[in-house]
Amino acid sequence: MSRPSQAEVLQPLVLRFRRAPGPLLPQIQAALAAHGEPLRWAITAVRGEELCLEAVMLTASPVP
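Scope of this entry: the structure provided in the associated data block.

Conventions adopted
Residues numbered from 1 in each chain as written. Predicted model: local features only at pLDDT ≥ 70, side-chain atom pairs only at ≥ 80, totals over all residues. Heavy atoms only, no water. Helix = DSSP H or I, 4+ residues; strand = E, 2+ residues; numbered from the N terminus. Contact = heavy atoms within 4.5 Å. Patch = residues over 30% accessible without salt bridge, like charges linked within 9 Å, V, L, I, M, F, W, Y side chains within 5 Å. Areas by Shrake-Rupley, 256 points an atom, 1.4 Å probe, with all protein chains shown as cover. Salt bridge = Lys/Arg side-chain N within 4 Å of Asp/Glu carboxyl O. Buried < 20%, exposed > 50% of the residue type's maximum accessible area, 1.4 Å probe, protein only.

### Side note on the environment of Leu 58
So, point 1. If you trace the backbone, Leu 58 turns up in strand E3 (residues 50–62).
So, point 2. Not counting residues up to four positions away in its chain, the partners in contact with Leu 58 are Glu 8, Val 9, Leu 10, Gly 36, Glu 37 and Leu 39.

Okay, structure coming up:
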């Protein structure tokens, strides 16, 4: 019987980034994708061009 080499883990994430000109959603999706698969996310603060995102991410974790 083989065991999976990775397990999925839920992780909270707080991310600040500066938006660029153009559509916002693809920028947010790209910023979150660098940290795993987002299950949910929200913009929680805006200061000029800087956004604060809070998300719950699904990430891979090695199984011992």
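### Considering a nonpolar patch on the surface
So, point 1. A surface patch of nonpolar side chains, about 350 Å² in accessible area, is lined by Leu 25, Trp 41, Ile 43 and Val 46.
So, point 2. At 3 residues, strand E2 (residues 37–47) tops the list of elements feeding residues into the nonpolar patch.
So, point 3. If you trace the backbone, Val 46 turns up in strand E2.
So, point 4. Exposure remark for Val 46: the relative accessible area of 53% places this residue in the exposed category.

### Section: the side chain of Gln 27
So, point 1. Among the secondary structure elements, Gln 27 is positioned in helix H1 (residues 24–33).
So, point 2. When its relative accessible area of 16% is taken as the criterion, Gln 27 is described as buried.
So, point 3. When neighbours within four sequence positions are excluded, Gln 27 is seen to be in contact with Phe 17, Arg 19, Ala 20, Pro 21 and Gly 22.

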